[in-house]
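Okay, here's what each chain looks like letter by letter:
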Amino acid sequence: MNEIICPNCNTAFKVDEAGFADIVKQVRDHQFEEELANRLELAEKEKESAVKLAEATMKNSLQNELAQKELELSEMASKIQSAEREKENAIKLAEATVKNTLQEELARKEKQLSEALAEKELAISKMKSQIINAETEKRLEISEATKKIEKERDNLIHDLEIEEREKELLEKSIKEQFRNQLVVKDETIKMRDDEIDRLTDFKQKLSTKMIGETLEQHCEYEFNKLRATGFQNAYFEKDNDSRGGTKGDYIFKESDEEGNEIISIMFEMKNENDETSTKKRNEDFFAKLDKDRKDKGCEYAVLVSLLESDNEFYNTGIVDVSYKYEKMYVVRPQFFIPIITLLRNAAMNSMEYKAELNLMRNQNIDITNFEEKINAFKTGFARNYDLASRKFKTAIDEIDKTISHLQKTKDALLSSENNLRLANNKADDLTIKKLTYGNPTMKAKFDAQNGDGYDGELD
C-alpha cells in the first residue's frame with residue numbers, strides 16, 4: 001500500500017498499487033497529451049502546407065480528416081481540462097517518485113510520436129509524389145493531346161496547300177482550255193461570218209459579178225456578150241427620149257430579115273445598197289414603167305431589180321405582175337438574159353403561128369387545128385416556164401437553208417462564247433472559303449487555324 005498526503009487538506013490516505021499506478025498514469029498521460037498537442041500542431045501546420053499542393057479532391061478529403069482529428073482533440077482537451085484540477089495535486093505528490101518513470105515513458109512516447117510523425121511525413125511525401133505524378137501524367141497527356149492537335153493542324157495545312165495547288169493548276173488548265181476554245185470559236189465565227197456574207201452576196205447577185213459596176217452596166221455587159229452570136233438583128237440601147245416627161249433605162253427591139261418587128265421590151269433597172277436608210281419597193285416603179293412602155297410603143301415591160309432582197313416572192317425567179325399591169329415582169333439580174341430569150345422565143349413562135357394562120361386561112365384549113373397548136377404552144381411554154389421557175393426556186397431555197405444553217409451555227413458559237421465567259425468568271429471567283437461554306441467540320445478546322453493566316457470568316 002502506498003500513502004499519499006493531499007496537498008490541500010494534508011489528509012493522508014492510502015492507495016493500493018493499482019490506484020497508484022492509475023494516478024501515475026493520469027499524470028503521465030496529461031504531460032503526454034500536452035506534448036502530443038504541441039507536436040500535433042506542428043504536424044498540422046506542415047500537413048496543411050503540403051495539402052495545399054494536392055488536387056482539390058484530396059485537399060477536401062484531408063481537410064475533412066483534419067477537421068475530425070481536431071474535433072477529437074478538442075473533445076480530449078475538454079476531458080483533460082475537466083480532470084486537470086483533480087490531477088494537479090496527485091501529480092505534485094507523485095512527481096518525485098514517478099519522475100524517472102515519466103522520463104522513460106516520455107522518451108518512449110516521444111519515440112512513438114516520432115514514429116507517428118515519420119509515418120505522417122511518409123504519407124505526406126506519398127501524397128506529394130502522387131500529386132507530382134498526377135501533374136506529370138497530366139502534362140504528358142496535355143503534351144500528347146497538343147502534339148496530336150498540332151499534327152492534325154499540320155496535316156490540315158498540308159492538305160489545304162495541296163488543294164490550293166490543285167485549284168491553281170485546275171484554274172490554269174480551265175483558263176488555258178477556255179482561251180484555246182475562244183481562239184477556235186473566234187476563228188470559226190469569222191469563217192462563218194465570211195461564208196454568210198459570201199452566200200448573202202451570192203444570193204443577191206448570183207452571177208452578176210458586179211465588181212464596182214452599176215446594175216445598168218452589168219445588164220449591158222451581159223447583153224453585149226451574146227449580141228454577136230444570139231442577137232445579130234437586135235437593138236438594145238438606153239432610152240434617151242424624155243418627151244413624155246419620163247424615160248426608161250433601156251429598150252430592146254428585134255426584127256426579122258424582112259423588117260417585121262418580132263418583139264420590143266422596155267427595161268427599168270433598180271438597185272439599192274443595204275445601207276440605204278429609205279428602202280424602196282418594186283411596186284413603186286410599176287406605174288412609171290408601164291407608162292414608159294406605152295409611150296415608147298413597147299410590147300413588154302421588165303423591171304430588173306435588186307430591191308426587196310428578202311422578199312421570197314421576187315426571189316423565186318421570173319415574176320409575172322400582169323395582174324396589175326399588162327405584160328409586165330419583174331426579174332433579178334441573173335434572169336435578165338433568160339427573160340429576153342423567153343419573150344423572144346415566144347414572139348418568134350407567135351410569128352410562125354401567125355404565118356401558118358395566114359397560110360391555113362388561105363388554104364381554108366380548119367381553125368380548130370390552129371387553136372389546138374396555139375394551146376399546145378401555150379401549154380408547152382407554161383410548162384417550160386414552170387420548170388425553170390421551180391428549178392430556180394429550188395436553188396434559192398437551198399441557198400437560204402445554207403445561210404440559215406450557218407446563221408444558227410454562228411448563234412450557237414456566240415452563245416458558247418457567253419457560257420465560256422460565265423464559266424471563266426466562276427473559275428476566277430472560286431475560293432477555298434466558298435468551297436467550305438456551310439461545312440461545320442471544315443469551318444471548325446479553319447477557325448482553329450486563325451494564327452496560320454486564316455481570318456476565321458467564310459464568304
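Along each chain, numbering runs from 1 in the same order as the chain's sequence is written. Whole-chain, interface and lining totals are the exception, using all residues; otherwise, since this is a predicted model, local features are given only for residues with pLDDT of at least 70 and side-chain atom pairs are given and counted only at 80 or more. Neither water nor hydrogens contribute to the side-chain values; these are computed over all heavy atoms in the structure.

1. Some points on unusual backbone geometry
Unusually for a residue other than glycine, E308 sits at a positive phi of about 50°. In this structure E308 comes out as partly exposed when scored by relative accessible area, which is 23%. The residue K327 is not glycine, and still its phi comes out positive at about 50°. In this text, helices come from DSSP runs of H or I with a minimum length of four residues, and strands from runs of E with a minimum of two, each type numbered from the N-terminal end. Inspection of the secondary structure assignment puts K327 in the loop between β7 (319-320) and β8 (328-331). Exposure is judged per residue with a 1.4 Å probe applied to protein chains only, and the accessible area is read against the type maximum: over 50% gives exposed, under 20% gives buried, and values in between give partly exposed.

2. Concerning the layout of surface pockets
Cavities and pockets were defined on a 1 Å grid built from protein atoms only: a cavity is a group of points that admits a 1.4 Å probe but offers it no way out, a pocket is an open group of points flanked by protein on both sides within 12 Å along at least five of seven lines, and a lining residue is one with an atom within 4 Å of any such point. Grid points are joined across faces, edges and corners, and a volume is the space filled by probe spheres set on the points. Reported here for the largest pocket is a volume of approximately 710 Å³. Around the largest pocket sit 25 residues that line it, and L36, A37, L40, K69 and L73 are the ones nearest its centre. Of all the secondary-structure elements, those providing two or more residues to the lining of the largest pocket are α1 (17-51) and α2 (56-205). Per-element accounting of the lining of the largest pocket gives the leading share, 15 residues, to α2.

3. Considerations on the pairing of strand β5 (residues 261-270)
Counting buried positions along β5 gives eight out of 10 residues, so the element sits mostly inside the fold. If DSSP finds at least two bridges between two strands, the strands pair. Relative to β5, strand β4 (residues 250-255) runs antiparallel, the two being bridged by six bridges. Following the sheet pairing, E254 is matched in β5 by I263. Where β4 folds back on β5, the antiparallel hairpin that results is connected by five residues, among which G259 adopts a positive phi of roughly 90°. Across six bridges, β5 lies against strand β6 (residues 300-305) in parallel orientation. If you follow F267 over to β6, its bridge partner there is V302.

4. Considering the sheet that holds strand β3 (residues 234-238)
Spatial strand order, β3-β4-β5-β6-β8-β7: six strands in an open sheet with mixed pairing. Taken across any chain shown, the strands that pair with only one partner, and hence form the sheet edges, are β3 and β7. Summarising the sheet, β7 and β8 pair through two bridges and their orientation is antiparallel. Bridge pairing in β8 links D320 to Y329. Every residue pair with non-hydrogen atoms within 4.5 Å of one another is taken to be in contact. Fitted lines through C-alpha atoms give the axes, limited to the stretch in contact for helices. The angle between two N-to-C directions lies from 0 to 180 degrees. Across the sheet, helix α3 (residues 215-230) lies against β3, β4, β5 and β6, angled at about 160° from β3, the strand it touches most. Set on the sheet, helix α4 (residues 286-295) makes contact with β5, β6 and β8; between it and β5 the angle comes to about 150°.

5. Some remarks on the confidence of the model for the protein
A low pLDDT means the predicted coordinates there should not be read in detail. For every residue, the predictor states its confidence as a pLDDT score lying anywhere from 0 to 100. Mean pLDDT over the protein stands at 76; residues scoring 70 or higher make up 81%. Summarising per-element confidence for the protein, the mean pLDDT is lowest in helix α8 (residues 432-435) (63) and highest in β8 (94).

6. Observations regarding the side chain of D290
Looking at the secondary structure, you find D290 in helix α4. Every residue in contact with D290, bar those within four places of it in the chain, is listed here: Y325, E326 and M328.

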